[in-house]
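Descriptive analysis of the structure
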Amino acid sequence: MQPSPYTPGEIASSVPGRDLQLGEFEERLSYLVDLQRLIGRIRIDYAPRGLGKTSLLRQYQRRAQERGVLTIWVTAGEEVGLVAQIGSAIRSAAQSWQAEARSALTGLLDGLTISVGVPGILKVDASARRQPLGDTPVGVREFEDVIRATATSDEHRGLIIFIDEIQAADPAGLRTLAYAWQHLQSEGADVPAAVFAAGLPDAADKISSVVTFTERLAFRPLGLLTADAEAIAISAPSRALGVRWNDDALDDAVEVARGYPYSVQLIADASWSAAGRPDPGGVVNREHVQHGRVAMQADLHALFRARWANATPQERQLMTAMAQLGEGKIKRSAVAEQMGVTAVSLSVPRGRLIDKGFIQSPERGYLAFTVPGFSAFIREIEE
């Protein structure tokens, strides 16, 4: 018996089907490392929960570390604010530096204090404070100094800041980060630094509401996996353990998962268990997938029940209307008509459901559930 190589709900070690994103990251990474230049646009990959954003961001991080880049990882949303989180992570990373380099950076970090009343805005002691330029947030220039000193240190070949759940970042922190990167870019600084982030579909709207020059940010959507990518995600981990999937079993598993990465891991893991956690030489067949599908549905229904319980009555009404209109993407106007209300009146519950990761807006004027099968679950409980 071998433990399952699948990781539903955990960070995946590989990201099949994300070749485009990985290729773009490798190109930017080479620009940073080989030319020692600043990546001027902050990159944000966005998608509903369960589509592998964090796994992709971790894959970026591993590849950067292999090239000798210092990587700083933060998950936005802490009370202290985004910029304070980044500063703290940089301070921790510098503890292993040579004494002289560590002392120089520590001096810059020590010159920064956190405004207790407004988390995320960096301020400096009165003796060192510079006047902000125009509407530049206080502390931007000081934050730039920290980034510049960190990125150009001889201790590594550059700096990349990774921000997960960026939609949860405080507005002040987002402004400080965005303005700092704008200044570094406009000054033509030879600073080998970059920011890569991941967030929910509403990340663009939230950032745009506090940062006006969003052309300096590159928002990139993550979609569902292709059938080929699903097949690789299912078969490759088992092959590494000497276990193969029958073609018909693999086809069934791909059909069940429907391109949703979390479902891919669920059906593969459940089928592996149904096969008795096979030893090398074992085979996962169609019968195992059929048994696995039953176990997977139990897991999905637990997820759906939790989401339904966490929705307000108004949000449930909107989701019920969507479910009654069928599968896939639904016109927002059709949902409003189904509910007997105007499309404008859907804005508040729609926004809340997107924030919670229950639904998404795959394109302008349309809505869809983020997890395949949720609409069928709603129709079942509403009968």
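Residues numbered from 1 in each chain as written. Predicted model: local features only at pLDDT ≥ 70, side-chain atom pairs only at ≥ 80, totals over all residues. Heavy atoms only, no water.

A word on the overall build of the chain
This is how the line gets drawn: The helix count covers DSSP runs of H or I at least four residues long, the strand count covers runs of E at least two residues long, and both are numbered beginning at the N terminus. Radius of gyration means the value over C-alpha atoms here, while the globule rule gives 2.2 Å times the residue count to the 0.38 power. Three labels apply to residues, based on accessible area from a 1.4 Å probe with only protein chains included: buried if under 20% of the type maximum, exposed if over 50%, partly exposed otherwise in between. Contact criterion: two residues are considered in contact whenever any of their non-hydrogen atoms come within 4.5 Å of each other. Surface accessibility in these figures is a Shrake-Rupley result with a 1.4 Å probe; residues are shielded only by whichever protein chains are displayed.
Scanning the chain from terminus to terminus reveals 15 helices and 12 strands. By the compact-globule yardstick of 21 Å for 383 residues, the chain fits well, its C-alpha radius of gyration being 23 Å. Viewed in the frame of its principal axes, the chain has a C-alpha envelope of about 70 × 60 × 30 Å. In the chain, which comprises 383 residues, the proportion classed as buried is 48%. Taking the intrachain contacts of the chain between residues at least 6 apart in sequence as the baseline, contacts between residues at least 24 apart amount to 74%. Summed over its atoms, the accessible surface of the chain is roughly 17,400 Å², and 49% of this surface lies on carbon and sulfur atoms.

Side note on unusual backbone geometry
Its identity is not glycine, yet Glu165 carries a phi of approximately 55°, on the positive side. Position of Glu165 among the secondary structure elements: in the loop between β5 (159–164) and α6 (171–186). For Arg258, which is not glycine, the phi torsion reads 55° and is therefore positive. In this structure, Arg258 sits in the loop between α9 (247–257) and α10 (261–274). The class for Arg258 is partly exposed, based on a relative accessible area of 44%.

Things to note about the packing of α10 against helix α11 (residues 286–309)
Formally: Fitting a line to C-alpha atoms yields each axis, with helices limited to the stretch in contact; the angle taken between N-to-C directions then spans 0 to 180 degrees. In these notes the angle categories are as follows: under 35 degrees is roughly parallel, over 145 is roughly antiparallel, 65 to 115 is roughly perpendicular, and the rest is oblique. When the near helix sits turned anticlockwise from the far one by under a right angle, the crossing is termed left-handed; a clockwise turn instead gives a right-handed crossing. Polar here means any residue other than Ala, Val, Leu, Ile, Met, Phe, Trp, Tyr, Cys and Pro, which are nonpolar, and Asp, Glu, Lys and Arg, which are charged; Gly is therefore polar.
Running from N to C, α10 and α11 point in directions that differ by 130°, and their axes come no closer than 7 Å. Between α10 and α11, the crossing angle belongs to the class labelled oblique. The handedness of the crossing between α10 and α11 comes out as right-handed. Judged by residue contacts, Tyr262, Ser263, Leu266, Ile267, Ala270, Ser271 and Ala274 of α10 engage His288, Val289, His291, Gly292, Arg293, Ala295, Met296, Asp299, Leu300 and Leu303 from α11. Of the residues that constitute the contact of α10 with α11, the class distribution is 10 nonpolar, five polar and two charged.

Thoughts on the pairing of strand β12 (residues 366–369)
Inclusion rule: Only strands that DSSP links by at least two bridges are regarded as paired with each other.
The pairing of strand β10 (residues 330–331) with β12 spans two bridges and is antiparallel. The residue of β12 that forms the bridge with Ile330 is Leu367. As judged from the two bridges shared by strand β11 (residues 359–360) and β12, these two strands associate in the antiparallel manner. For Gln360, the partnering residue across the bridge sits in β12 and is Ala368.

Notes on the packing of aromatic side chains
This is how it is decided: Aromatic pairing here means that ring centres of Phe, Tyr or Trp (its six-membered ring) are within 6.5 Å. Orientation follows from the plane angle: under 30 degrees is stacked, over 60 is edge-to-face, and everything else is tilted.
As enumerated under the stated definition, the model contains 11 aromatic pairs in all. For the pair Phe25 and Phe196, a centre-to-centre distance of 4.9 Å together with 75° between the ring planes defines the contact as edge-to-face. Within this pair, whereas Phe25 is found in helix α1 (residues 19–35), its partner Phe196 is found in strand β6 (residues 193–199), the two being separated by 171 residues in sequence. Phe25 sits in the buried class, given a relative accessible area of 1%. A residue is classified by how much of its surface remains accessible, and Phe196, at 4% relative accessible area, is buried. Counting every residue linked through ring pairs, the aromatic cluster contains Phe25, Tyr60, Trp73, Phe162 and Phe196.

Concerning a negative patch on the surface
The criterion, for reference: Within this analysis, patches are made of residues with over 30% relative accessible area and no salt bridge. Like charges are joined at 9 Å or less; nonpolar side chains (Val, Leu, Ile, Met, Phe, Trp, Tyr) at 5 Å or less. We define a salt bridge as a contact between a side-chain nitrogen of Lys or Arg and a carboxyl oxygen of Asp or Glu at a distance within 4 Å. As used throughout, the charge tally considers Lys and Arg to be positive and Asp and Glu to be negative, leaving His and the chain termini uncounted. Taken as the charge location is NZ of Lys, CZ of Arg, CG of Asp or CD of Glu.
On the surface, a cluster of negative charge is made up of Asp247, Asp248, Asp251 and Glu255. By secondary structure assignment, the location of Asp248 is in helix α9.

Regarding the pairing of strand β1 (residues 42–46)
Burial within β1 is extensive, with four of its five residues counted as buried. As judged from the five bridges shared by β1 and strand β7 (residues 217–221), these two strands associate in the parallel manner. Counterpart to Ile42 in the pairing with β7 is Leu217. Sheet topology places β1 next to β6; four bridges connect them, and they run parallel. Bridge assignment links Tyr46 to a residue of β6, and that residue is Gly199.

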